[in-house]
Amino acid sequence: MNNKLNLLIYFLRKDIKAKYAGSALGILWTFLMPAVQILLLWFVFSAIMKARPYANTNMPYIYFLLSSYFFWLAFSEGLMRASNSIIENTDIVKKISFPNIILPVAVTLSSYLPHLVGFMLFIAAYSFATSFSPVILLVIFIILLQLLFSVGMGMLFSALLPYVRDLGQILSQVLAGLFFLSPIIYSIEAVPGKIKILFQFNPLTYFIISYHKIILLREMPDFFDISIIVLLAAGALACGFYAFNRLKEGFPDVL
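Residues numbered from 1 in each chain as written. Predicted model: local features only at pLDDT ≥ 70, side-chain atom pairs only at ≥ 80, totals over all residues. Heavy atoms only, no water.

Honestly, the layout of surface pockets in this entry has me stumped. Any pointers?
Here the largest pocket defines a volume of roughly 480 Å³. If you trace the largest pocket, you find 19 residues lining it, with K4, P99, I101, I102 and V105 closest to the centre. Counting residues per element, the ones that place at least two in the lining of the largest pocket are α1 (2-20), α6 (102-129), α7 (139-160) and α11 (223-247). (1 Å grid on protein atoms, 1.4 Å probe; cavity = no way out; pocket = protein on both sides within 12 Å on 5 of 7 lines; lining within 4 Å. Points joined across faces, edges and corners; volume = space filled by probe spheres on them. Helix = DSSP H or I, 4+ residues; strand = E, 2+ residues; numbered from the N terminus.)

Okay, structure coming up:
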């Protein structure tokens, strides 16, 4: 167990260093790119389209956006990078015998870290501008479940991608669709009834709604939403772990 933990820490540190190697701005890019995206979304949906998160409140749109956007960035980046983790480490996987399931796990954790820093800065500023509520601490539970969901999905796709290389391109398009079918840039209340069913089939919807309720509305998430999130996290971990262990023996032959 200690050896696996040491390996995980090693690959986590290795991945963090590799992301910023040779870059003049280094780790600053991790914060600059999301900042640009946030400003563009805020400008389009708030300044131009005059979007209002909730009809009965005057809540600034930027609060609504930031309450879930960092988690979307962490999930999408983590899944895309984890899915390529085996292919990108072909030499290590083929030549060295070690529990290579650690690779997608380390990459997922590495992707989450900077976005969690951004979220904590937002929470600090938001609590200062409004008021701190102990309910916000519940967000830790949702974050942990989302992380487990991401790790499971990362293991699944990292196991499949060496066999089906086109899956990487398909996954990027699916993630783009999931973004617009998630209540990240507009509230679920603004979605017409006939279209809302598409959002209900999007697993990220349940995470996003829970973030909104805890952070913005200072409410407990619905029991149904929490139940779905727990099932998603457990199911993704089980499927990812099973698929990876079934397919890993064939990695040397397909890489």
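Still to come is the rest of the account.
Help me out: how do you make sense of the packing of α6 against α7 in this one?
When two helices pack together, their arrangement is captured by the angle between the axes and the distance separating the axes. With their axes 9 Å apart at the nearest point, α6 and α7 run at an angle of 145° to one another. Here α6 runs over α7; the crossing is right-handed. Residue-level inspection shows P104, V105, T108, L109, Y112, L116 and F119 of α6 in contact with α7, the latter providing V139, I143, Q146, L147, S150, V151, G154, M155 and S158. In terms of residue class, the contact of α6 with α7 is made up of eleven nonpolar, five polar and no charged. (Axes fitted to C-alpha atoms, helices over the stretch in contact; angles between N-to-C directions. Left-handed = near helix turned anticlockwise from the far one by under 90°. Contact = heavy atoms within 4.5 Å. Nonpolar A, V, L, I, M, F, W, Y, C, P; charged D, E, K, R; others polar.)

Before we go on, may I ask you to explain the packing of helix α3 (residues 61-83) against helix α8 (residues 167-180) in this structure?
For the pair α3 and α8, the least separation of the axes is 10 Å and the interaxial angle reads 170°. The angle between α3 and α8 places the two elements in the roughly antiparallel class. On α8, the residues that touch Y69, W72, F75, S76, L79, M80 and S83 of α3 are G168, L171, S172, L175, L178 and F179. Counted by class, the contact of α3 with α8 contains nine nonpolar, four polar and no charged residues. (Parallel < 35°, antiparallel > 145°, perpendicular 65-115°, else oblique.)

Whenever I open this one, α6 confuses me. Can you help?
For an α-helix, 3.6 residues make a turn, and residues three or four places apart therefore share a direction. The end-to-end C-alpha distance of α6, which contains 28 residues, comes to 40 Å, matching closely the 40 Å that a straight helix rising 1.5 Å per residue would cover. At L113, α6 shows its strongest bend, of approximately 25°, with the proline P114 following within four residues. (Expected span 1.5 Å × (residues − 1). Bend = angle between axes of the 7 residues up to and from the residue.)

I tried to follow the side chain of S150 on my own but got confused; where do I start?
Residue placement: S150 occurs in helix α7. Leaving out residues up to four positions away in the same chain, S150 has contacts with F75, T108 and Y112.

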